[in-house]
Amino acid sequence: MNEISRMTEAKPIKTPTLPDAQTVTQVKHYTDRLFSFRCTRPASMRFRSGEFVMIGLMGAPDEKTGKQKPLLRAYSIASPSWDEELEFYSIKVQDGPLTSRLQHIKVGDEVILRPKPVGTLVHDALLPGKRIWFFATGTGFAPFASLLREPQTYGDYDEVIITHTCREAGELTYGAEIIESLKTDELLNEVIGEGFWKKIKYYPTTTREDSPKMGRITDLMRSGEAFKDLGVAPICSQNDRAMICGNLAFNLELKEMLEDYGLEEGANSDPKTYVVEKAFLD
């Protein structure tokens with residue numbers, strides 16, 4: 001795998017005071033339900049693009065003891081393995097124990113990060129193939145934001161198809177911006193090859209708000225409309241590999257569909273033709 005390092009402007013970073021804390025360097029809000037943020041990366045941390053870590057904040061002090069416990073949740077790392085910082089894409093749950101507070105973080109604040117990455121959405125869990133499908137709903141796009149910026153993705157596959165199904169059009173913004181940015185990313189175009197992004201076929205759909213393509217990706221695949229729109233042959237076990245990251249119902253439905261196509265679920269210890277991230281529930 002190519003080693004990449006991006007030159008960034010030096011920023012003054014305060015010394016963390018919380019255990020396993022990292023400093024927030026950027027926050028961007030997309031809708032009243034979605035935001036992304038970047039933070040410093042521990043110097044010793046290594047991960048594979050597509051993995052996740054535990055992220056959180058300190059909880060309120062216990063009324064009796066006064067002690068605080070960390071509130072942690074699994075977050076896919078949206079930045080690629082070579083990035084000097086870590087990026088995350090999050091939902092906002094107004095009454096959620098963690099995200100009700102996390103959505104208000106600002107540059108300079110601290111977040112807790114347990115630097116022990118794990119996950120199944122990694123290239124090592126798949127057998128070689130010609131075409132890779134990334135299936136996402138909502139913030140399930142995050143691990144694919146990492147993999148779309150990972151050189152190995154384009155070395156391993158001739159074609160990369162990313163589908164993203166959300167309720168409203170605004171919820172597609174994060175993913176669309178990531179894909180658009182690849183076209184002008186001088187570093188990736190130099191390392192991977194000029195025009196590498198032309199291997200990508202992006203298929204965003206909405207289920208509630210009007211958009212150029214309406215419908216659940218599973219229904220569009222079942223009817224054949226998705227394959228026709230993309231100009232590709234239906235999925236087959238010989239050529240296709242797939243990764244799934246979405247809500248539980250979506251994951252289960254798509255697992256069944258992929259197995260009907262002849263694909264088999266793999267794991268880090270037993271690579272096969274598709275994988276699903278069980279730790280993520282959009």
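Refer to the preceding data block for the structure.
Note that the coordinates shown come from a computational prediction; the quantities given were computed from them, not determined experimentally.

How each quantity is defined
Residues numbered from 1 in each chain as written. Predicted model: local features only at pLDDT ≥ 70, side-chain atom pairs only at ≥ 80, totals over all residues. Heavy atoms only, no water. Helix = DSSP H or I, 4+ residues; strand = E, 2+ residues; numbered from the N terminus. Buried < 20%, exposed > 50% of the residue type's maximum accessible area, 1.4 Å probe, protein only. Contact = heavy atoms within 4.5 Å. Polar contact = N/O pair within 3.5 Å; in protein donor to acceptor, adjacent residues only side chain to side chain. Pairing = 2+ DSSP bridges. Axes fitted to C-alpha atoms, helices over the stretch in contact; angles between N-to-C directions. Core = buried A, V, L, I, M, F, W, Y, C linked by side-chain atoms within 4.5 Å. Salt bridge = Lys/Arg side-chain N within 4 Å of Asp/Glu carboxyl O.

Colleague: Can you break down the environment of Asp20 residue by residue, with the values?
Modeller: Positionally, Asp20 belongs in the segment before strand S1 (21-29). For Asp20, a relative accessible area of 37% gives the class partly exposed. When the C-alpha positions of Asp20 and Gly155 are compared, they lie 34 Å apart, and in sequence the two are 135 residues distant. In this structure Asp20 touches Val111, Ile112, Leu113, Arg114 and Pro115, once residues within four positions along its chain are discounted. There is a polar contact of 2.9 Å between the side chain of Asp20 and the side chain of Arg114.

Colleague: Lay out the sheet that holds strand S10 (residues 240-245) in plain terms, naming residues and giving numbers.
Modeller: On the basis of which strands lie adjacent, the open sheet formed by 5 strands has the order S9-S8-S7-S10-S11 and parallel pairing. Strand pairing shows two members of the sheet lacking a second neighbour, strand S9 (200-206) and strand S11 (274-276), which therefore form its edges. Taking the axes of each pair of neighbouring strands and ignoring which way they run, one obtains an average angle of 10° across the sheet. Looking at chain direction, strand S7 (residues 131-137) and strand S8 (residues 159-166) are connected through 7 bridges and run parallel. What sits directly across from Phe135, in S8, is Thr163. Sheet strands touched by helix H8 (residues 248-260): S7, S10 and S11. Its angle to S10, the strand with the most contacts, is close to 165°.

Colleague: Tell me about the nonpolar core, and name the residues and values.
Modeller: Core analysis: the biggest nonpolar cluster contains 33 residues, and Phe134, Phe141, Phe144, Leu148, Tyr174 and Met243 have the highest contact counts within it. Within the residue set of this core, elements represented by two or more residues are strand S5 (85-91), S7, helix H2 (142-147), S8, helix H4 (173-183) and S10. Setting aside chain neighbours within four positions, we find Phe134 in contact with Phe144, Leu147, Leu148, Thr153, Val160, Ile161, Ile162, Thr163 and Met243. One finds Leu230, Ile235, Met257 and Tyr274 within the second-largest nonpolar core, a separate group that totals 21 residues.

Colleague: Describe the pattern of salt bridges, listing the residues and the values that go with them.
Modeller: For the structure shown, the criterion picks out 21 salt bridges. Here Lys183 and Glu180 are joined by a salt bridge, their closest N and O atoms 3.3 Å apart. Taken together, the residues span about one helical turn, with Lys183 and Glu180 both in helix H4 at a distance of 3 residues. In this structure, Arg216 and Asp219 form a salt bridge, with 3.4 Å as the shortest nitrogen-oxygen distance. Under the relative-accessibility criterion, Asp219 is labelled partly exposed at 36%. Salt bridges linked by common partners bring Arg38, Asp83, Glu85, Glu87 and Arg149 together as one network.

Colleague: Can you lay out the sheet that holds strand S3 (residues 52-58) for me, pointing to particular residues and giving the numbers?
Modeller: Pairing in this open sheet of 6 strands is antiparallel, and the strands run S4-S3-S6-S1-S2-S5 from one edge to the other. Either end of the sheet is taken by a strand with one partner, and the two such strands are strand S4 (70-76) and S5. Neighbouring strand axes in the sheet, compared pairwise and without regard to direction, differ in orientation by 35° on average. Of the strand pairs in this sheet, strand S2 (residues 34-40) and S5 are connected by 7 bridges, and their pairing is antiparallel. When the bridges of S5 are listed, Phe37 appears paired with Phe88.

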